Amino acid sequence: MYWVTNREVFEKKKIISILLYSIGAGILILYYFVFIKNYGMVSMSRYLATMLFLILASLYIPRIGKKNDYEYYVMDIWSSFALTFVYSFVLYFGIVGIFFTIDQLFDVNIKGEFYYYMFLIISLIFAVSLFLSKLPSADEEYHMTEYTKSLKILLVYIVIPLVTVYTVILYVYFGKILITKEWPRGLVSHLVLWYSTLSVGVIFLITPILEENKVAKLFKVLFPKIILPVLFMMFMSIYQRIAQYGITENRYYVVVLGLWILGVMLYFSFKKPLRNIVIPISLSFIIFSSVYGPISSFAISKFSQNKRLESLLARNNMLSNGEIIRNSEITLEDKRQISNIISYFHSNHKLKDIKVLPKDFDLDKMETLMGFKYEPYYSFPYEQNRYFYYGTHNAEDAVDIKGYDYYVHMNSWNENKREVAGLILQYDRLKNALIISKDDRIILEQDMIEFVKDIYEKQEAKATDENNNMMNYEDMSYGVAVRSDVENIDIKFIFNEINGRVDENNNIVIQSIDFILLISNK
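Residues numbered from 1 in each chain as written. Predicted model: local features only at pLDDT ≥ 70, side-chain atom pairs only at ≥ 80, totals over all residues. Heavy atoms only, no water.

## Some points on the overall build of the protein chain
Put simply, the rule is: Secondary structure elements follow DSSP: runs of H or I no shorter than four residues count as helices, runs of E no shorter than two count as strands, and numbering proceeds from the N terminus. Values of the radius of gyration come from C-alpha atoms, whereas the globule rule sets the reference at 2.2 Å times the count of residues to the power 0.38. Only protein chains enter the accessibility calculation, which uses a 1.4 Å probe; a residue whose area is less than 20% of its type maximum is buried, one above 50% is exposed, and one in between is partly exposed. Should any heavy atoms of two residues lie within 4.5 Å, those residues are considered in contact. Only the protein chains shown count as cover for residues, with accessible areas throughout obtained via the Shrake-Rupley method and a probe of 1.4 Å. His is not counted, nor are the chain ends, whereas Lys and Arg count as positive and Asp and Glu as negative. Note that the charge is assigned to NZ on lysines, CZ on arginines, CG on aspartates and CD on glutamates.
Scanning the protein chain from terminus to terminus reveals 13 helices and twelve strands. Its C-alpha atoms give the protein chain a radius of gyration of 32 Å, more than 25% over the compact-globule value 24 Å for 522 residues. Going through the 522 residues of the protein chain one by one, you find that 39% of them count as buried. When contacts within the protein chain are restricted to residue pairs at least 6 apart in sequence, those whose partners lie at least 24 apart make up 65%. When the accessible surface of the protein chain is totalled, it reaches about 31700 Å², and 61% of it is carbon and sulfur. Of note, the protein chain has its 53 positive side-chain charges centred 12 Å away from the centre of its 54 negative side-chain charges.

This is how it looks when you write it as structure tokens:
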């Protein structure tokens, strides 16, 4: 009778497992056809967020209703993951080493795709199967479990001091802001965000040793309160970006994650004892609501950017009863802002999502509709620059050195002095200049900006459908004659590659150049 009962329970569990796996497979297939319509920003963001939601859900669903030892359960899963990684790493590189040796010694000619397929097999079949087999049971008990001594040392005497020093640095910067009255830089929000997220993880992990370790307990008591001004500084930093450029998905994520961290720190400050299962539960629902529904990052960002565009158009008398009025006389900055908003929708969503634009609008109609061309730039300072690259079509061709005595290959990242026929050649990156001297006297200090600017202006003047990046040697060559009481020489500069940018003030900035120097003694 007992055997029959157990068998019935086993059969019932088996049926439930098959049913759940079937439902899961059906949901995956449905998700693929409904939500992954393309590989754009929205689809991929939703896909990654859904993965994170499910991963976090798998961490807390089995332990809901169990009051204690959640931290040990998570550490058990982490140990399984670390073990799986080590096994898979050793197995993969062991197999790669074997086949690489066979390939080299016996000329088998094993194709590169083999190693890629082997990686997929090990990572998606072996690693996943091993990890799932090592997962702890939902009913696992950890009453007699303790952290290892090495883990306690890592958390209490290494991680906590590092977080503390980082906090001091941020407080010093906060003091600088108060003294100079300059708003925080955009980078501050990201630095604070990831450091705060890591701090949540640290407090989560030290929870089981709070009663036995005074340092851990002091950190848990003080840190959630100390970090509040730092979080305020982060919110002020991101507020500056939102006030200027509106809400985008990235800024939305920063704000939402910051609010979650603020809530968790308040929870750490006032809740006793801690139920840390709240952390993954709350984070998973924050992630889910950030990519689905009416308050998702996509919905809020599109609403914000639409309002921002309408405000810009109204400010320039370009909007009347919902219709756009041409105006080519608006400021360059407003033209760029308008173009930038349209670029945002074009890159991340659809032009049809812009409410004030006609349904048949495309980028080619920008000048006809608005009165100026579509010329976007982006909000971060380094993205306001226009980057350029120029190279030679015939880089592998022979170079005609007729009439010259010396051929020297030079580049901007090598500032070592070179001696050629009694001349000392040196590239100075700070000055963007080639300096030639003899007998401790400078006979030439050639500014490279002069040549690069000429090349840039010639290429920009070409039609847009031409290949403006690649040129012939003849178009990238410049001759210089040096006549002095020390030396008479003729020099020819032949550029192989030029990397640079034009900053917001239309100044040429050289990032790297590679060139040939031909020298003739007269």
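## As for the confidence of the model for the protein chain
Basically, it comes down to this: A residue's pLDDT is the predictor's confidence in that residue, given on a scale from 0 to 100.
The pLDDT averaged across the protein chain works out to 86; a share of 93% of its residues lies at or above 70. Here helix α1 (residues 2–35) stands out as the least confident element of the protein chain, with mean pLDDT 73; helix α9 (residues 278–291) is the most confident, with 94. Here residues 379–383 scores under 50 on pLDDT; set against residues more than four positions off or in separate chains, the count is eight contacts.

## Considering unusual backbone geometry
The phi dihedral of Asn317 falls on the positive side, at around 55°, and the residue is not glycine. By secondary structure assignment, the location of Asn317 is in the loop between α10 (297–315) and β1 (319–320). Although it is not a glycine, Asn432 sits at a positive phi angle of roughly 55°.

## Here's the deal with the packing of helix α3 (residues 70–106) against helix α4 (residues 112–134)
Worth spelling out the cut-off: Under this scheme, a helix contributes an axis fitted over its contacting stretch, all axes are lines through C-alpha atoms, and angles between N-to-C directions fall in the 0 to 180 degree range. An angle counts as roughly parallel when it lies under 35 degrees, as roughly antiparallel when it exceeds 145, as roughly perpendicular when it falls between 65 and 115, and as oblique in every other case. The handedness criterion is simple: a crossing whose near helix is rotated anticlockwise from the far helix by less than a right angle is left-handed, and one whose near helix is rotated clockwise is right-handed. Gly counts as polar in this scheme, as do all residues outside two lists: the nonpolar Ala, Val, Leu, Ile, Met, Phe, Trp, Tyr, Cys and Pro, and the charged Asp, Glu, Lys and Arg.
At a minimum axis distance of 9 Å, the contact between α3 and α4 shows a crossing angle of 150°. Relative to α4, the element α3 is oriented roughly antiparallel. Here the hand of the crossing between α3 and α4 comes out right-handed. Across the contact of α3 with α4, the residue classes tally to 19 nonpolar, three polar and one charged.

## Quick look at the nonpolar core
Definition in use: Remark: nonpolar core denotes a set of buried residues (Ala, Val, Leu, Ile, Met, Phe, Trp, Tyr, Cys) joined through side-chain atoms within 4.5 Å.
Core analysis: the largest hydrophobic core is formed by 62 residues, its most contacted members being Ile206 and Phe268. Of all the secondary-structure elements, those providing two or more residues to this core are α2 (41–60), α3, α5 (149–180), α6 (186–206), α7 (214–245), α8 (249–270) and α9. With sequence-adjacent residues up to four places away left out, Phe268 is seen in contact with Val200, Ile203, Lys220, Pro224, Leu274, Asn276 and Ile279.

## Quick word on the pairing of strand β10 (residues 477–483)
Put simply, the test is: Here the rule is simple: two strands pair whenever DSSP picks up at least two bridges between them.
Note that β10 and strand β11 (residues 488–502) share seven bridges and pair antiparallel. Directly across from Val482, in β11, lies its bridge partner Ile489. If you look at the hairpin formed by β10 and β11, you'll find four residues sitting between the two strands.

## Looking at the sheet that holds strand β8 (residues 441–447)
Spatial strand order, β5-β6-β7-β8: four strands in an open sheet with antiparallel pairing. At either end of the open sheet lies a strand with only one pairing partner, and these are β5 (418–420) and β8. For this sheet, the mean angle separating the axes of adjacent strands, direction not counted, is 25°. The pairing of strand β6 (residues 423–428) with strand β7 (residues 433–438) spans five bridges and is antiparallel. Paired with Gln426 across the strands is Ile435, a residue of β7.

## Considerations on the packing of aromatic side chains
When we look at a pair of aromatic rings, we describe it by the centre distance and by the angle of the planes. How we decide: Put simply, two rings from Phe, Tyr or Trp (the six-membered ring, in Trp's case) pair if the centres are within 6.5 Å, and we call them stacked under 30 degrees between planes, edge-to-face over 60, tilted for the rest.
Per the counting criterion, the structure on display carries 31 aromatic pairs. Relative to Phe131, the ring of Phe81 lies with its centre 6.3 Å away and its plane at 85°, an arrangement referred to as edge-to-face. One end of the pair, Phe81, is in helix α3; the other, Phe131, is in helix α4, and 50 residues separate them in sequence. Residue classification places Phe131 among the partly exposed residues on the basis of a relative accessible area of 22%. Site record: aromatic cluster; members linked through ring pairs are Tyr427, Phe451, Tyr478, Phe493, Phe495 and Phe515.

## Describing the pairing of β8
Inspection of the sheet shows β7 paired to β8 by six bridges, in the antiparallel sense. Bridge pairing links Ile435 to Glu445 in β8.

## Examining the packing of α8 against α10
Look at α8 against α10: their axes get within 9 Å of each other, and the N-to-C directions meet at 120°. Between α8 and α10, the crossing angle belongs to the class labelled oblique. α10 is crossed by α8, and the crossing has right-handed handedness. Counted together, Glu249, Tyr252 and Tyr253 of α8 and Ser297, Phe298, Ile300 and Ser301 of α10 form the full contact between these two elements. Of the residues that constitute the contact of α8 with α10, the class distribution is four nonpolar, two polar and one charged.

## Observations regarding the side chain of Asn496
Rules: We call two N or O atoms a polar contact when they sit within 3.5 Å, provided that within protein one can donate a hydrogen and the other can accept it, with sequence-adjacent residues counted only if both atoms are side-chain atoms.
Mapped onto the fold, Asn496 is located in strand β11. Owing to a relative accessible area of 14%, Asn496 belongs among the buried residues under this scheme. Of the polar contacts made by the side chain of Asn496, one reaches the side chain of Asp514; its length is 2.8 Å. Residues within four places of Asn496 in sequence aside, it is in contact with Tyr390, Gly391, Thr392, His409, Tyr473, Met476, Asp514, Phe515 and Ile516.

## A short note on a nonpolar patch on the surface
Our working rule: Patches draw on residues past 30% relative accessible area with no salt bridge. Two like charges within 9 Å are joined, as are two nonpolar side chains (Val, Leu, Ile, Met, Phe, Trp, Tyr) within 5 Å. By definition here, a salt bridge exists when the distance from a side-chain nitrogen of Lys or Arg to a carboxyl oxygen of Asp or Glu is within 4 Å.
A contiguous nonpolar surface patch, about 1100 Å² in accessible area, is contributed by Trp78, Phe81, Leu83, Phe85, Val86, Tyr87, Phe89, Val90, Leu91, Phe93 and Phe126. Here the element with the most residues in the nonpolar patch is α3; it accounts for ten residues. The residue Phe89 is located in helix α3 in this model.

## Some points on the pattern of salt bridges
Oppositely charged side chains may form a pair once their charged atoms are brought near each other. Summed over all chains, the structure comprises eight salt bridges. Lys431 is paired through a salt bridge with Glu445; the nearest N and O atoms lie 3.6 Å apart. Here the residue Lys431 occupies a position in the loop between β6 and β7, and Glu445 occupies one in strand β8, the gap between them amounting to 14 residues. For Lys438, the salt bridge identified is with Glu487, shortest N-O distance 2.4 Å. Taken together, the residues Lys438 in strand β7 and Glu487 in the loop between β10 and β11 connect sequence positions 49 residues apart.

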